[in-house]
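Here's the letter readout for the chains.
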Amino acid sequence: MTRPTLQDHLSRWSQADDVRRDVASTVLALAGAGIKISELLAAGPLAGALAEVRGHHADGDSQKELDVIADDLVREALTAAPVALLGSEEADEPVALDPAGTLAVAVDPLDGSSNIDSNMTVGTIFSILPFVGAESLLQPGSAQLAAGFLIYGPQLALVLTVGAGTQIFILDRASGDFLLAEERAVVAPETAEYAVNGSNLRHWDTAIRCYVEDCQAGADGPRGKDFNTRWVASMVADVFRILVRGGVYLYPGDARRGYTQGRLRLVYEANPVAFLMEQAQGAATDGQRPILELRPAHLHQRVPLVFGSRGEVERIARYHIDATAMPERSPLFGRRGLLRA
């Protein structure tokens, strides 16, 4: 079976107009940068101290050696693409590239970089927007022309949407081409898997705590079925798993200092993931509102994020909006029931 390449796929899609052709060339540039990043990751410590802390962002998040290298590789690749403005997690302010460019790109060059030295999956997330001036990166997610991520795991995969479904490509290292592996990924509407960092339960609001407790109660609780927990601490890995077999992911805001609005970034993490999810018949919200409807106030704005199987995302929104939507809670599992202080 001959599989279409990423270039074949984009060539067919981009024939309609110049903007699409610009998007296609930008995606190909990002894919090229991803191959270089994957080669560094594959070498691990042989490529140097990639997990060494180089510094910290203004909000205190650490910046690793490979964060900086990945950012440089992405920026270098995009200088050859029609990109006027680049916003990166690794730069405080957007960077001007091609004055004649028609696009703006927002990128997290290395999602999950806390996992660099543990040989776990990490990735590169990107969002492509029309260039409309200095405020291009502050458009709502619904304005995205394309979005996706590269995931550096056992396979180098590129997950992409240009607004015509969500496709998955895998790098064929023999040819150097990304080949189409899934023409139209679909997120199962229902699931029995949820991904959340359960160690933060005591900090969550009532809606999130009740949702997770209902899942933990399993077949004996109000949900009437058993759930599995999955948490990789690298969002791209959770996104990929949900695209393949369903599930729901939660990174809510909580009561800890600096976590009220969650920790994920709206422009270059939540927006591209939300676009991919919706194009795969899933959903993404901040717990209540659709992510793609939110208008960013600044490049590095944080946002709570819930995405995945539509039935679960909608259920979590109901828990937030209306307490009566929560199932009747058995005293065994209530916050102040038989087993609670």
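Quick summary incoming for the structure in this document. Here, residues in each chain are numbered from 1, in the same order as that chain's written sequence. For this predicted model, a pLDDT threshold of at least 70 governs which residues receive local features, and a threshold of 80 or more governs which side-chain atom pairs are given and counted, while totals over whole chains, interfaces and linings are taken from all residues. Hydrogen atoms and water are omitted, and side-chain values are computed over all heavy atoms in the structure.

Before going further, it helps to examine empty space enclosed by the protein. The way it works is a 1 Å grid over only the protein atoms, where trapped points that fit a 1.4 Å probe form a cavity and open points with protein on both sides within 12 Å along at least five of seven lines form a pocket, and then any residue with an atom within 4 Å of a point lines it. Grid points are joined across faces, edges and corners, and a volume is the space filled by probe spheres set on the points. Inspection of the entire model under this criterion finds 1 cavity of 30 Å³ or more. Counted as a void, the largest cavity has a volume near 60 Å³. Three residue categories are used. Nonpolar comprises Ala, Val, Leu, Ile, Met, Phe, Trp, Tyr, Cys and Pro, charged comprises Asp, Glu, Lys and Arg, and polar comprises the others, including Gly. Its residues placed into classes, the lining of the largest cavity shows 6 nonpolar, 2 polar and 2 charged.

Now for the packing of helix 1 (residues 6–13) against helix 2 (residues 18–43). For the pair helix 1 and helix 2, the least separation of the axes is 9 Å and the interaxial angle reads 165°. The angle between the axes of helix 1 and helix 2 places the two elements in the roughly antiparallel class. Along this stretch, helix 1 crosses helix 2, giving a crossing that reads as right-handed. Taking contact as the criterion, the partners of Leu6, Gln7, Leu10 and Trp13 in helix 1 are, on helix 2, Arg20, Val23, Ala24, Val27, Leu28 and Ala31. Working convention: axes come from line fits to C-alpha atoms, limited for helices to the stretch in contact. Angles between N-to-C directions cover 0 to 180 degrees. What counts as a helix is a DSSP run of H or I of at least four residues, what counts as a strand is a run of E of at least two, and both are numbered from the N terminus. Here the word oblique covers every angle except those under 35 degrees (roughly parallel), over 145 (roughly antiparallel) and from 65 to 115 (roughly perpendicular). The hand of a helix crossing depends on one turn: near helix anticlockwise from the far one by less than a right angle means left-handed, and clockwise means right-handed. Only heavy atoms enter the contact rule, under which two residues are in contact if any of them lie within 4.5 Å.

Now for the nonpolar core. Residues belong to one nonpolar core when they are buried, are Ala, Val, Leu, Ile, Met, Phe, Trp, Tyr or Cys, and are joined through side-chain atoms within 4.5 Å. The rule is simple: take the accessible area with a 1.4 Å probe, protein chains only, and divide by the maximum for that residue type; under 20% is buried, over 50% is exposed, in between is partly exposed. Ranked by internal contacts, the top residues of the largest apolar core, which has 42 residues, are Leu6, Leu78, Ile128, Leu158 and Phe178. For this core, the element with the most residues is helix 2, which contributes 9 residues. Look past the residues within four positions of Leu6 in its chain and what remains in contact with it is Val27, Leu28, Ala31, Leu158, Leu160, Phe169 and Phe178. Ile151, Ala157, Phe240 and Leu305 belong to the second-largest nonpolar core, a separate cluster that totals 34 residues.

In sheet architecture, strand pairing relies on hydrogen bonds along the backbone and comes in two forms, parallel and antiparallel. Pairing between two strands requires that DSSP report at least two bridges joining them. Pairing is mixed in the open sheet, where 8 strands are placed in the order 4-3-5-6-7-8-9-10. Pairing within the sheet leaves two strands with one partner each, and these edge strands are strand 4 (95–96) and strand 10 (177–182). Along the sheet, helix 2 makes contact with strand 3 (83–88), strand 5 (103–111), strand 6 (122–130), strand 7 (146–152), strand 8 (156–161), strand 9 (166–172) and strand 10, crossing strand 7 at roughly 15°. Across the sheet, helix 5 (residues 235–245) lies against strand 5, strand 6, strand 7, strand 8 and strand 9, angled at about 105° from strand 7, the strand it touches most.

With that out of the way, let us pick up the sheet that holds strand 13 (residues 248–251). If you trace the 5 strands from one edge of the open sheet to the other, you get 12-11-13-17-15, paired in mixed fashion. For this open sheet the edge positions go to strand 12 (228–229) and strand 15 (283–285), each flanked by a neighbour on one side alone. Relative to strand 17 (residues 305–308), strand 13 is paired through 4 bridges, and the arrangement is antiparallel. Opposite Tyr249, over in strand 17, you have Phe307 as the bridge partner. With respect to the sheet, helix 5 is in contact with strand 11 (193–195), strand 13 and strand 17, its orientation differing from that of strand 17 by roughly 30°.

Attention now goes to the layout of surface pockets. One number sums up the size of the largest pocket: a volume of about 650 Å³. As for the largest pocket, its lining consists of 29 residues, and the residues nearest its centre are Asp61, Glu89, Gly112, Ser113 and Ser114. Among the elements of the structure, strand 2 (62–64), strand 5, helix 5, strand 13 and strand 14 (264–265) are those that each provide at least two residues to the lining of the largest pocket. Counting residues per element, the lining of the largest pocket draws most heavily on strand 5, at 3 residues. There is about 400 Å³ of room inside the second largest pocket.

Turning our eyes to something else, we now look at helix 2. Across its 26 residues, helix 2 extends 39 Å between first and last C-alpha, which sits within 8% of the 38 Å expected from 1.5 Å per residue. Identification of polar contacts relies on pairs of N or O atoms within 3.5 Å, with a donor-acceptor requirement for protein atoms, meaning one able to donate a hydrogen and the other able to accept it, and with residues adjacent in sequence counted only if both atoms are side-chain atoms. Capping of helix 2 at its N-terminal end is provided by Asp17; its side-chain oxygen lies 3.1 Å from the backbone amide nitrogen of Val19. The span expected for a helix works out to 1.5 Å for each residue beyond the first.

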